[in-house]
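# Summary of structural features
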Amino acid sequence: MASNAIFLFPSDYFNPKKVDEMYLDQVASLSDAGFDTAAISLESLGNSSPKISPILSQSAEVIYRGWMLSPSNYELLVSAIESMGASAFTSLTEYLNTHYLPSWYPLVAELTPETKFYSIDDDLETELEALGWERFFIKDYVKSLKTSVGAIIDRPSQIGTVIAQMQKFRGTIEGGICVRRVEEFVPESEQRYFVIRGKAFAASLGEEIPNIVEECALRIQSKFFSVDAIDREDGVKRIVEIGDGQVSDLVGWSAERFAQLWAHDR
């Protein structure tokens, strides 16, 4: 990583010069590790003068750490960074390589539950009937429904209700519909790993990296992403999710451990 790396966080809504309090522990740990941080008002994306404080230094390499962004808003973020003469660590193409399930699934298909992709306008009940699976996990290209009726159904006739609830609680369906075959996983066995420039890291220093995660690190074309691995009941490790590292929460990680990864990458 370049020595002039800067981590860019969403700003407080009422104080654009201050990082949102949700990320203050990461700011503190990264600062302790010797990195600069800055805040961006996401509400200002697309403005002729986006609000970034402090001003990014020329030729800085900028790693975003914040909430998920739509492809159009991520493109605006990259433009805002470049307007100051800096560069985004993760390009729009790399962002979508890991943010959208249809982008990463073909690269690791045998390592993760079988998945089919549909348009919101497809006859989804008929499509699910044709699959003949016992249970179905429903999500859009990015997220599943974690409230209301949930994401898992066992009858194709239930798909309409799930879609309606996704639209109600999320406001929009991003990309399209993904239907994943349900596998039996061991409860509480899911763990998150981060990959930076092809090297995988675990939440605890010295923890062994599963082979399946190392395989993802080889196959996925992005400099920074997360991998969620889980144990299936038959003892086989499986990948349940891959995501852009910039918008992945520190599930099971301390902010201090996360900062260590970047110090190691220097």
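So, here is what we can say about the structure in this document.

What counts and what doesn't
- For every chain, the first residue of its written sequence is number 1, and the numbers climb from 1 along that sequence.
- Owing to the predicted nature of the model, reporting of local features is limited to residues with pLDDT of at least 70; listing and counting of side-chain atom pairs is limited to 80 or more, with chain, interface and lining totals taken over all residues.
- Computation of side-chain values covers all heavy atoms of the structure but excludes hydrogens and water.
- In this text, helices come from DSSP runs of H or I with a minimum length of four residues, and strands from runs of E with a minimum of two, each type numbered from the N-terminal end.
- Only C-alpha atoms enter the radius of gyration; for comparison, a globular chain is expected to reach 2.2 Å times N to the power 0.38, where N is the number of residues.
- Exposed residues in this analysis have more than 50% of their type's maximum accessible area, buried residues have under 20%, and partly exposed residues fall in between, with area computed by a 1.4 Å probe over protein chains only.
- Contact criterion: two residues are considered in contact whenever any of their non-hydrogen atoms come within 4.5 Å of each other.
- Using the Shrake-Rupley algorithm and a 1.4 Å probe, accessible areas are obtained, with residue cover drawn only from the displayed protein chains.
- In this tally Asp and Glu are treated as negative and Lys and Arg as positive; neither His nor the chain ends contributes.
- A single reference atom marks each charge: NZ on Lys, CZ on Arg, CG on Asp, CD on Glu.
- Definition of nonpolar core: a set of buried residues of the types Ala, Val, Leu, Ile, Met, Phe, Trp, Tyr and Cys, connected through side-chain atoms within 4.5 Å.
- Note: two strands are recorded as paired if DSSP finds a minimum of 2 bridges between them.
- Lines fitted to C-alpha atoms define the axes here, with helix axes fitted over just the stretch in contact, and angles between the N-to-C directions of these axes take values from 0 to 180 degrees.
- The patch calculation keeps residues exceeding 30% relative accessible area without a salt bridge and links them within 9 Å when they carry like charges or within 5 Å when they are nonpolar (Val, Leu, Ile, Met, Phe, Trp, Tyr).
- Throughout this description, the term salt bridge denotes a Lys or Arg side-chain nitrogen within 4 Å of a carboxyl oxygen of Asp or Glu.
- Think of it this way: a Phe, Tyr or Trp ring, Trp meaning its six-membered ring, pairs with another when their centres are within 6.5 Å, and the plane angle makes it stacked under 30 degrees, edge-to-face over 60, tilted otherwise.

A few words on the overall build of the chain. Along its length, the chain carries eight helices and 14 strands. For a compact globule of 266 residues, the expected C-alpha radius of gyration is about 18 Å, and the chain comes in at 19 Å, within 12% of that figure. Dimensions of the chain, computed from the C-alpha atoms along their principal axes, are close to 55 × 45 × 30 Å. Every one of the 266 residues in the chain was classed for burial, and the buried ones make up 48%. Of the contacts formed within the chain by residues at least 6 apart in sequence, a portion of 69% connects residues at least 24 apart. Of the roughly 12600 Å² of accessible surface on the chain, 48% is carried by carbon and sulfur atoms. The chain carries 24 positive and 40 negative side-chain charges, and their two centres are separated by 2 Å.

Attention now moves to the nonpolar core. Judged by nonpolar contacts, the single largest core of 24 residues is most densely connected at W104, V108, V213, C216, V227, I239 and I242. For this core, the secondary-structure elements that each account for two or more residues are α4 (101-104), β11 (191-196), α7 (211-219), β13 (224-231) and β14 (237-244). Contacts of I242, omitting those with residues within four sequence positions, involve T98, W104, V108, C216, I220, F225, S226 and V227.

Strand order in the open sheet made by the four strands is β7-β10-β8-β9, with antiparallel pairing throughout. In the strand order of this sheet, the two ends are held by β7 (115-118) and β9 (152-153), each with one partner. The pairing of strand β8 (residues 136-140) with strand β10 (residues 177-181) spans five bridges and is classified as antiparallel. Following the sheet pairing, F136 is matched in β10 by R181. Of the strands in this sheet, β7, β8, β9 and β10 touch helix α5 (residues 124-131), which is tilted by about 160 degrees from β7. Along the sheet, helix α6 (residues 159-170) makes contact with β8, β9 and β10, crossing β8 at roughly 35 degrees.

This paragraph deals with the environment of Y95. With respect to the helices, strands and loops of the structure, Y95 is situated in helix α3 (residues 92-99). Looking at Y95, the relative accessible area reads 0%, which means it is buried. Each C-alpha atom of the pair Y95 and I6 lies 18 Å from the other, and the pair is 89 residues apart in sequence. Sequence-distant contacts of Y95, defined by excluding residues within four places in its chain, comprise M68, L69, Y74, T90, D244, Q246 and V247.

The antiparallel open sheet is built from four strands, whose spatial order is β12-β11-β13-β14. Only two strands of the sheet have a single neighbouring strand rather than two, namely β12 (199-201) and β14. Averaged over all neighbouring strand pairs, the angle between strand axes comes to 30 degrees, with direction disregarded. Alignment of β11 against β12, held across three bridges, turns out to be antiparallel.

A separate point is unusual backbone geometry. The step from S53 to P54 runs through a cis peptide bond, and the omega angle for that step is -5 degrees. Phi at E188 is positive, roughly 65 degrees, even though this residue is not glycine. Take E188: it is sitting in the loop between β10 and β11. Here the phi dihedral of R197 falls at roughly 50 degrees; this positive angle occurs in a residue that is not glycine. Within the element layout of this structure, R197 appears in the loop between β11 and β12.

Okay, a negative patch on the surface next. Judged by side-chain charge, D121, D122, D123, E125, E127 and E129 come together as a negatively charged surface patch. Relative to the elements of secondary structure, E125 occurs in helix α5.

The buried count for β13 comes to seven of eight residues, which makes it a mostly enclosed element. Across seven bridges, the pairing between β13 and β14 is antiparallel. Bridging across to β14, I230 finds its partner in R238. In textbook terms, the turn of a hairpin is the stretch between consecutive antiparallel strands, and for β13 and β14 this stretch comprises five residues, one of which, G235, has a positive phi near 95 degrees.

On to the packing of aromatic side chains, then. Under the definition given, this model contains 16 aromatic pairs. Between F194 and F258 the ring centres are 5.5 Å apart and the planes differ by 65 degrees, which places this aromatic pair in the edge-to-face class. Of this pair, F194 sits in strand β11 while F258 sits in helix α8 (residues 255-264); the two residues are 64 residues apart in sequence, bridging distant segments of the chain. Just as F194 is buried, F258 falls in that class too.

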